[in-house]
Amino acid sequence: MPASESRLKVKRDGSVIEVQFRDRNILDEANIQQIGEEIKGIIEAETKPKLLINFSDVDHLSSAALGTLITVNNRIRALSGQLRLSNIDPQILQVFVITKLNKIFEIHDNADKARASFK
Amino acid sequence: MTIPANNPSPTPEPARAGGASGERMSGMARPRNKRDEIDAVEQEVLNAVDACGFPPASRFALRVALEEAMVNAFLHGHRGLSEDIAIEVQYTVTPHEVEVRVTDQGPGFDPNAIPDPTMDENLELPSGRGMMLIRAYMTSVEHDMNGRRIIMKYARP
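Summary of the structure given here. If you're wondering where the values come from, they're calculated on a predicted model, not measured in any experiment.

Calculation rules
Residues numbered from 1 in each chain as written. Chains lettered and ligands numbered in written order. Predicted model: local features only at pLDDT ≥ 70, side-chain atom pairs only at ≥ 80, totals over all residues. Heavy atoms only, no water. Helix = DSSP H or I, 4+ residues; strand = E, 2+ residues; numbered from the N terminus. Buried < 20%, exposed > 50% of the residue type's maximum accessible area, 1.4 Å probe, protein only. Contact = heavy atoms within 4.5 Å. Areas by Shrake-Rupley, 256 points an atom, 1.4 Å probe, with all protein chains shown as cover. Pairing = 2+ DSSP bridges. Salt bridge = Lys/Arg side-chain N within 4 Å of Asp/Glu carboxyl O. Core = buried A, V, L, I, M, F, W, Y, C linked by side-chain atoms within 4.5 Å. Phe/Tyr/Trp six-rings, centres within 6.5 Å; stacked < 30°, edge-to-face > 60°. Lys NZ or Arg CZ within 6 Å of the ring centre and 35° of its normal.

Some points on the overall build of chain B
Here's step 1: Secondary structure summary: chain B contains three helices and seven strands in total.
Here's step 2: The order of helices and strands in chain B, counted from the N terminus, is β-β-β-α-α-β-β-α-β-β.
Here's step 3: Out of the 157 residues belonging to chain B, those deemed buried represent 45%.
Here's step 4: Across chain B, contacts joining residues at least 24 apart in sequence account for 61% of those joining residues at least 6 apart.
Here's step 5: Summing over all exposed atoms, chain B offers an accessible surface of approximately 7600 Å²; the carbon and sulfur share of this is 51%.

Okay, structure coming up:
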């Protein structure tokens, strides 16, 4: 798989940018790094980015992927933007709860609710 | 009891015993830091977990622990070492319990020195959650060989 192939599906709805993952398992170190770089490119092209990360079809997520999400969150906050997460599988949601990351991310059941929550 | 496999495999030296549901299944693999080799080990252990009749939640828990333990071994245990140096993964699965031992070839570490990632001041640090997830999902976790080996046990819920 060439490194240049995007690991994300990106769509824009008004001012909200929604990304979904092409991989069901977000575990591979190189892929996670690439995802981080791609999201960084997306948010830094915006002023006050509104980013929705939709986790539908994601089965597994490693702690390295959580680290990248935290970096994305910090970067969006530095740009006075907003980040929402949605469609997280219940087993993966448990990973967020164990690590208490549900306290720093705004998580919604589905993409519609997440989109409606942007200020 | 381990019986060497007859067929060559991309994962060096896999070995297993048992096989049918309800038996004790065990094996050993030496993956290098390559995604296909890490995936192959996870699959081998999870196949044994499935064969011993564990529920899907157990499969998820064990996959999290295996993934984090192997990635930690390469990322931290083998920091500064050649990518071609393999870690060792030994597993035993019975219908009641899973035990996985992951051993790296590095200099070892102090497992008590990992900061708690759930403290408010650490919540936004991007690393440090792997060991925490292992401890949360496994029934017991021990470190041996000066931190080079992690022994994870999971009891059937």
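Here's the deal with the pairing of strand β4 (residues 88-93) of chain B
Residue and element names in this part refer to chain B.
Here's step 1: Relative to β4, strand β3 (residues 25-29) is paired through five bridges, and the arrangement is antiparallel. Paired with S26 across the strands is T92, a residue of β4.
Here's step 2: Here β4 hands over to strand β5 (residues 97-103) after three residues, the two strands then running antiparallel side by side.

Here's the deal with the pattern of salt bridges
Here's step 1: Following the criterion strictly, the structure yields 20 salt bridges over all chains and no others.
Here's step 2: When the shortest N-O distance is used, the salt bridge between E18 of chain A and R115 of chain A registers 2.9 Å. Here E18 of chain A is found in strand β2 (residues 16-21), whereas its partner R115 of chain A is found in helix α4 (residues 111-116), with 97 residues between them in sequence.
Here's step 3: When the shortest N-O distance is used, the salt bridge between E99 of chain B and K153 of chain B registers 3.9 Å. Highlighted residues: E99 of chain B in strand β5 and K153 of chain B in strand β7 (residues 149-155), separated in sequence by 54 residues.
Here's step 4: Residue K153 of chain B is classed as partly exposed on the basis of its relative accessible area, which comes to 25%.

Some thoughts on the nonpolar core
Here's step 1: Counting 66 residues, the largest nonpolar core has L51, I53 and F96 of chain A as its most contacted members.
Here's step 2: Ranked by the residues each element gives to this core, the list is headed by helix α2 (residues 56-77) of chain B, at ten residues.
Here's step 3: Among all residues touching I53 of chain A, those that are not within four sequence positions of it are V19, F21, I39, L69, L83, R84, L85 and S86 of chain A.
Here's step 4: The next biggest cluster of nonpolar side chains, apart from the first, holds five residues, and it includes L52, A111, A114 and F118 of chain A.

Some remarks on the packing of aromatic side chains
Given two aromatic rings, their pairing is described by the distance between the two centres and the angle made by the two planes.
Here's step 1: According to the stated counting rule, one finds five aromatic pairs over all chains in the structure shown.
Here's step 2: Geometrically, the ring pair formed by F21 of chain A and F55 of chain A is tilted, given 5.2 Å between the ring centres and 45 degrees between the ring planes. Taken together, the residues F21 of chain A in strand β2 and F55 of chain A in the loop between β4 (50-54) and β5 (60-61) connect sequence positions 34 residues apart.
Here's step 3: Ring centres of F96 of chain A and F105 of chain A lie 6.0 Å apart, and the angle between their planes is 80 degrees; this geometry places the pair in the edge-to-face category. Here F96 of chain A and F105 of chain A have matching classes, each one buried.
Here's step 4: Taken together through their ring pairs, the aromatic side chains of F21, F55, F96 and F105 of chain A make up a single cluster.
Here's step 5: A cation over a ring is seen here: R84 of chain A above F118 of chain A, with NZ or CZ 4.8 Å from the ring centre.
Here's step 6: Taking the ring centre of F54 of chain B as reference, the NZ or CZ of R156 of chain B above it sits at 5.0 Å.

Read these as geometric descriptors, not functional statements.
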